[in-house]
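# Breakdown of the fold
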Amino acid sequence: TSADDYVTVEWDTPGSASVSLVAINRCGEPECGMSITLLASIGDYVWLDDAPLDGGQDAGEVGKAGVKVELYDDQDNLVGTQYTGASGNYLFERLQPGWYHLVFYRPSEYVFTLQDQGDDALDSDADAILGQTVPTELTPGEHDMTWDAGLWRLPGGGLGGYKFWDLNVSGT
């Protein structure tokens with residue numbers, strides 16, 4: 001590069017920038033331009049809820065490893081699959097800005113805790129029956145680490161035979 005070369009960045013909208021490269025005699029003209037859209041990410045945590053079905057992360061509750069999490073776009077196309085790590089965390093990175101939803105898959109001996117029971121950063125976002133979240137819009141450059149799922153271990157260790165956990169207290 002020479003002393004005459006330089007880069008300018010102008011922010012067009014939050015998360016999107018226009019970049020001008022001035023490189024004399026390198027692209028045939030005095031200025032070359034491009035547009036950059038910042039990518040987004042979404043993720044957070046799957047934890048074991050000590051307080052039966054309270055839906056919130058409390059002190060001392062630990063993450064659950066090996067839980068399958070899928071990410072879908074606004075056309076219900078599968079974008080990616082992750083499994084929670086040893087501490088219960090997961091992350092989907094390098095996403096185009098847009099609308100997405102998550103689906104958590106619970107192990108058979110667990111049920112999901114109650115959904116949306118408090119602080120968005122600390123409550124379970126998974127639907128108690130399907131494990132699906134509501135759609136959310138990721139904006140350019142957004143790093144949304146508030147999408148959690150709480151699990152509670154069923155008494156007796158699982159579903160089968162005549163034992164069941166009556167989540168809606170219907171008696172059936």
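This text goes with the structure placed above it.
Structure report, in brief. (Residues numbered from 1 in each chain as written. Predicted model: local features only at pLDDT ≥ 70, side-chain atom pairs only at ≥ 80, totals over all residues. Heavy atoms only, no water.)

### Some thoughts on the sheet that holds strand S8 (residues 98-105)
Read across the open sheet, the 4 strands follow the order S6-S5-S8-S10; overall the sheet is antiparallel. Two strands in the sheet have a free side with no partner beyond their single neighbour: strand S6 (78-83) and strand S10 (136-138). Pairwise comparison of adjacent strand axes, ignoring direction, gives a mean angle of 35° for this sheet. Direction of pairing for strand S5 (residues 68-73) relative to S8: antiparallel, over a ladder of 6 bridges. From the neighbouring strand, Leu-71 faces S8, where its bridge partner is Leu-102. (Pairing = 2+ DSSP bridges. Helix = DSSP H or I, 4+ residues; strand = E, 2+ residues; numbered from the N terminus. Axes fitted to C-alpha atoms, helices over the stretch in contact; angles between N-to-C directions.)

### A word on the environment of Val-134
Considering the arrangement of structural elements, one finds Val-134 in the loop between strand S9 (110-112) and S10. The exposure class of Val-134 is partly exposed, given its relative accessible area of 44%. Separated by 31 residues in the primary sequence, Val-134 and Val-103 place their C-alpha atoms 9.6 Å from one another. (Buried < 20%, exposed > 50% of the residue type's maximum accessible area, 1.4 Å probe, protein only.)

### Description of the packing of aromatic side chains
By the definition in use, this model includes 3 aromatic pairs. With 6.0 Å between their ring centres and 70° between their planes, Tyr-90 and Phe-92 make a pair best called edge-to-face. Comparing Tyr-90 with Phe-92 shows no difference in burial state: the two are buried. Between Tyr-90 and Phe-104 the ring centres are 5.7 Å apart and the planes differ by 85°, which places this aromatic pair in the edge-to-face class. Note that Tyr-90 is positioned in strand S7 (residues 89-95) and Phe-104 in strand S8, a separation of 14 residues in sequence. Residue classification places Phe-104 among the buried residues on the basis of a relative accessible area of 1%. In this structure an aromatic cluster arises from ring pairing among Tyr-90, Phe-92 and Phe-104. (Phe/Tyr/Trp six-rings, centres within 6.5 Å; stacked < 30°, edge-to-face > 60°.)

### Structural notes on the side chain of Thr-133
Structurally, Thr-133 can be placed in the loop between S9 and S10. With sequence-adjacent residues up to four places away left out, Thr-133 is seen in contact with His-101, Leu-102, Phe-104, Asp-125, Ala-126 and Trp-147. (Contact = heavy atoms within 4.5 Å.)

### Some remarks on the pairing of S6
Two faces belong to every sheet, and in a regular strand the side chains alternate between them. Looking at chain direction, S5 and S6 are connected through 5 bridges and run antiparallel. Its bridge partner lying in S6, Tyr-72 is registered against Leu-78.

### Description of the nonpolar core
A general feature of soluble globular proteins is that nonpolar side chains tend to end up buried together. One finds Ile-42, Leu-71, Tyr-90, Phe-92, Leu-95, Leu-102 and Phe-104 to be the most contacted residues of the largest nonpolar core, which totals 19 residues. Looking at this core, the elements that each hand over two or more residues are strand S4 (40-48), S5, S7, S8, S9 and strand S12 (149-153). Beyond its immediate sequence surroundings of up to four residues, Leu-95 is in contact with Leu-39, Ala-40, Ser-41, Ile-42, Leu-71, Val-79, Tyr-100 and Leu-138. (Core = buried A, V, L, I, M, F, W, Y, C linked by side-chain atoms within 4.5 Å.)

### What about the pairing of S4?
Counting buried residues in S4 gives 8 out of 9 residues, a clear majority hidden from the surface. The pairing of S4 with S7 spans 5 bridges and is classified as antiparallel. Its bridge partner being in S7, Tyr-45 is matched across the sheet by Asn-89. Sheet topology note: the S4/strand S11 (residues 143-144) ladder contains 2 bridges and is parallel. When the sheet's bridge partners are listed, Ser-41 is paired in S11 with His-143. Where S4 lies against S12, 3 bridges are found, and the strand directions are parallel. By the bridge assignment for S12, Leu-48 is matched with Leu-151.

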